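# Close look at the chain arrangement
Letter by letter, the chains look like this.
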Amino acid sequence: MRYSLLLDKLEKKLKTIELFRIMTILTMIGIVMLGYFLNQDSIMIFGIGVGIITFILLVKKTSNLKLGINKYTGLVDVYNQAIARTNGSWTDFEDQGAEYIDKDHRYSWDLDIFGKGSLFQKINTSRFLSSRNRLKDLLNDNVKFCDDEIVERQQAISELANKPWFREKLQGIDYRSNSVDRDIGDLLKYLDIKNPIYNKGYIKLLVNLMPLIFTLSIIYGYLQRSIIIPGIMFIINIIILRIGYKNRDQVLKEISSFSDTIFVYKETLEHIEKHNFKSSYLKGFNMKLFSKGIAASKYISMLNKLTSSISNRDNAYFLLLNIYFLWDIRFMIKVNSWKEEIEEEFV
């Protein structure tokens with residue numbers, strides 16, 4: 001399969017890049033040690049500077065390769081699922097919808113709508129809780145449609161039936177997330193918690209001013225051959241980060257846990273928004289994704305960039321950079337700014 005070959009190539013490239021990352025770190029350490037033994041600060045600064053720049057570029061390359069691997073892994077999964085549906089091995093699908101079994105329902109129990117070997121197990125391609133629940137409601141006849149709506153939905157199905165490439169890419173995007181039990185609605189409820197202190201002007205001034213002062217203290221300390229002033233600034237920044245840390249850490253960890261889910265939503269919305277549909281049902285659905293001429297993916301994309309940055313809190317280098325730039329506080333300011341922009345557009 002073409003996608004499998006592309007996936008193998010990307011995985012080999014990723015292993016090579018990861019090897020280069022290790023070599024970069026070792027080389028940087030070697031150059032710094034050489035500069036230290038030769039008492040040449042310029043060699044040490046050069047080694048650190050070039051090493052950090054190279055490492056950052058390799059990290060970016062690694063991130064892009066992982067996105068590509070996730071993309072083609074999803075497409076391979078979609079094809080494998082489609083093959084399973086045609087050769088009868090779909091009964092091995094993990095998601096059976098067994099939790100939806102209702103023996104008191106007027107027909108779903110007798111007709112094997114849910115559970116092992118059920119209709120749900122065969123046709124379900126949803127990856128999120130809300131979409132699974134929606135399919136459950138449709139199969140249980142909990143959602144009612146008038147005659148015109150039924151005709152419109154049939155026309156939409158006919159249109160999508162002739163666009164396998166559209167469906168495959170859409171499913172491939174969804175299969176990049178394992179967060180079946182998570183929905184962006186849960187995150188939005190969490191984001192609704194107010195943190196007004198991060199809207200204060202003096203807080204925004206603080207996070208912009210302190211890194212500048214820290215930088216000047218480092219320059220001063222280097223010129224004076226003293227670590228006292230930089231050390232004092234280091235401690236001051238730690239104290240600033242400790243204020244309100246527990247609440248801030250809880251919020252940022254929760255937001256970070258939705259990173260993959262938000263990425264999938266962003267990719268899904270962008271895929272749907274840029275497509276021109278013909279059937280009235282799909283046209284109407286697409287129109288709902290725009291408010292005042294602005295695509296919903298714009299706001300999800302902003303949130304995606306934010307959650308991707310926040311998820312870097314788990315990286316080893318984050319601790320020092322957080323102390324230097326007060327990133328945790330910056331993240332909270334950006335979260336509040338995003339919420340305010342959403343409220344201005346939709347409330």
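The rules behind each value
- Counting starts from 1 at the beginning of each chain's written sequence and moves along it residue by residue.
- In view of the model being predicted, local features appear only for residues whose pLDDT reaches at least 70, and side-chain atom pairs are presented and counted only at 80 or more, with totals across whole chains, interfaces and linings using the full set of residues.
- Derived side-chain values reflect all non-hydrogen atoms in the structure, with water molecules and hydrogen atoms excluded from consideration.
- Only buried residues count toward a nonpolar core, which is a set of Ala, Val, Leu, Ile, Met, Phe, Trp, Tyr and Cys residues joined through side-chain atoms within 4.5 Å.
- A 1.4 Å probe rolled over the protein chains alone gives each residue an accessible area, and that area as a share of the maximum for its type sets the label: buried under 20%, exposed over 50%, partly exposed in between.
- The numbering of helices and of strands both runs from the N terminus, where a helix is a DSSP run of H or I of at least 4 residues and a strand a run of E of at least 2.
- The contact criterion used throughout is that any non-hydrogen atoms of two residues lie within 4.5 Å.
- Each reported salt bridge corresponds to a side-chain nitrogen of Lys or Arg within 4 Å of a carboxyl oxygen of Asp or Glu.
- To estimate the expected span of a helix, count its residues, drop one, and scale the result by 1.5 Å.
- Only Phe, Tyr and Trp rings take part, Trp by its six-membered ring, and two of them pair if their centres are within 6.5 Å. Stacked means planes under 30 degrees apart, edge-to-face means over 60, and tilted covers everything else.
- Should the NZ of a Lys or the CZ of an Arg lie within 6 Å of a ring centre and within 35 degrees of the ring normal, that charge is described as sitting over the ring.
- Between the N-to-C directions of two axes lies an angle of 0 to 180 degrees, each axis being a line fitted to C-alpha atoms and, for a helix, fitted only over the stretch in contact.
- Any angle that falls under 35 degrees is termed roughly parallel, while one over 145 is termed roughly antiparallel, one within 65 to 115 roughly perpendicular, and all others oblique.
- Polar here means any residue other than Ala, Val, Leu, Ile, Met, Phe, Trp, Tyr, Cys and Pro, which are nonpolar, and Asp, Glu, Lys and Arg, which are charged; Gly is therefore polar.

### Points about the nonpolar core
Counting residues in each nonpolar core, the largest one holds 37 residues, and the members touching the most others are Leu 187, Leu 191, Ile 255, Ile 310 and Ile 329. Listing elements by their share of this core, those giving two or more residues are α7 (184-191), α8 (201-224), α9 (228-242), α10 (245-256), α11 (259-273), α13 (296-310), α14 (318-325) and α15 (327-346). Considering each element in turn, this core owes the most residues, 6 residues, to α15. What Leu 187 contacts, discounting residues up to four positions off in sequence, is Ile 255, Phe 258, Ile 262 and Leu 303. Membership of the second largest hydrophobic core comes to 11 residues, among which are Leu 7, Leu 10, Leu 14 and Leu 75.

### A short note on the pattern of salt bridges
Considering all chains together, one arrives at 13 salt bridges under this definition. Put simply, Arg 132 and Asp 95 hold a salt bridge, and the shortest N to O gap is 2.8 Å. In this pair, Arg 132 sits in helix α4 (residues 129-139) while Asp 95 sits in the loop between α2 (41-87) and α3 (119-123), placing the two residues 37 residues apart along the sequence. You can call Arg 132 buried: its relative accessible area is 5%. Salt-bridge contacts for Asp 137 lead to Lys 136; the nearest nitrogen and oxygen are separated by 3.1 Å.

### Side note on α2
Under the 1.5 Å per step criterion, the end-to-end length of α2 is 68 Å for 47 residues, consistent within 8% with the ideal 69 Å. Note on α2: the residue one or two positions beyond its end, Gly 88, has a positive phi of about 90 degrees.

### Quick look at the environment of Thr 27
By the secondary structure assignment, Thr 27 is in helix α1 (residues 2-37). C-alpha separation for the pair Thr 27 and Met 287, spaced 260 residues apart in sequence, amounts to 54 Å.

### Notes on the packing of aromatic side chains
Applying the stated criterion across every chain yields a total of 14 aromatic pairs. A centroid spacing of 5.7 Å and a plane angle of 70 degrees characterise the contact between Tyr 36 and Phe 37, whose relative ring orientation is edge-to-face. Across the pair, exposure class does not vary: Tyr 36 and Phe 37 are exposed alike. Measuring from ring centre to ring centre gives 5.6 Å for Phe 318 and Trp 327, while their planes differ by 35 degrees; the resulting arrangement is tilted. Among the aromatic residues, those joined into a cluster by ring pairs are Phe 214, Phe 318, Tyr 324, Phe 325, Trp 327 and Phe 331. The aromatic ring of Tyr 222 is capped on one face by Arg 225, whose charged end is 5.2 Å from the ring centroid.

### What about the packing of α9 against α14?
Contact geometry of α9 with α14 gives a least axis separation of 8 Å together with a crossing angle of 95 degrees. Accordingly, the angle class assigned to the pair α9 and α14 is roughly perpendicular. Counting all contacts with α9, which are made through Phe 234, Asn 237, Ile 238 and Leu 241, the residues of α14 involved are Leu 320, Asn 322, Ile 323 and Tyr 324. Among the residues making up the contact of α9 with α14, the classes are represented as 6 nonpolar, 2 polar and no charged.

### What to know about the environment of Asn 286
Assignment of secondary structure puts Asn 286 in helix α12 (residues 280-287). C-alpha separation for the pair Asn 286 and Leu 269, spaced 17 residues apart in sequence, amounts to 9.4 Å. Apart from the residues lying within four places of it in its own chain, the contact partners of Asn 286 are Ile 272, Glu 273, His 275 and Phe 277.

### Concerning unusual backbone geometry
The phi torsion of most residues other than glycine is negative, and most of the peptide bonds are trans. The backbone of Asp 112 shows a phi angle near 55 degrees, a positive value even though the residue is not glycine. Mapped onto the secondary structure, Asp 112 falls in the loop between α2 and α3. Residue class for Asp 112 comes out partly exposed when judged on its relative accessible area of 44%. Residues other than glycine seldom take positive phi values, yet Leu 326 does so here, at roughly 55 degrees. Considering the arrangement of structural elements, one finds Leu 326 in the loop between α14 and α15.

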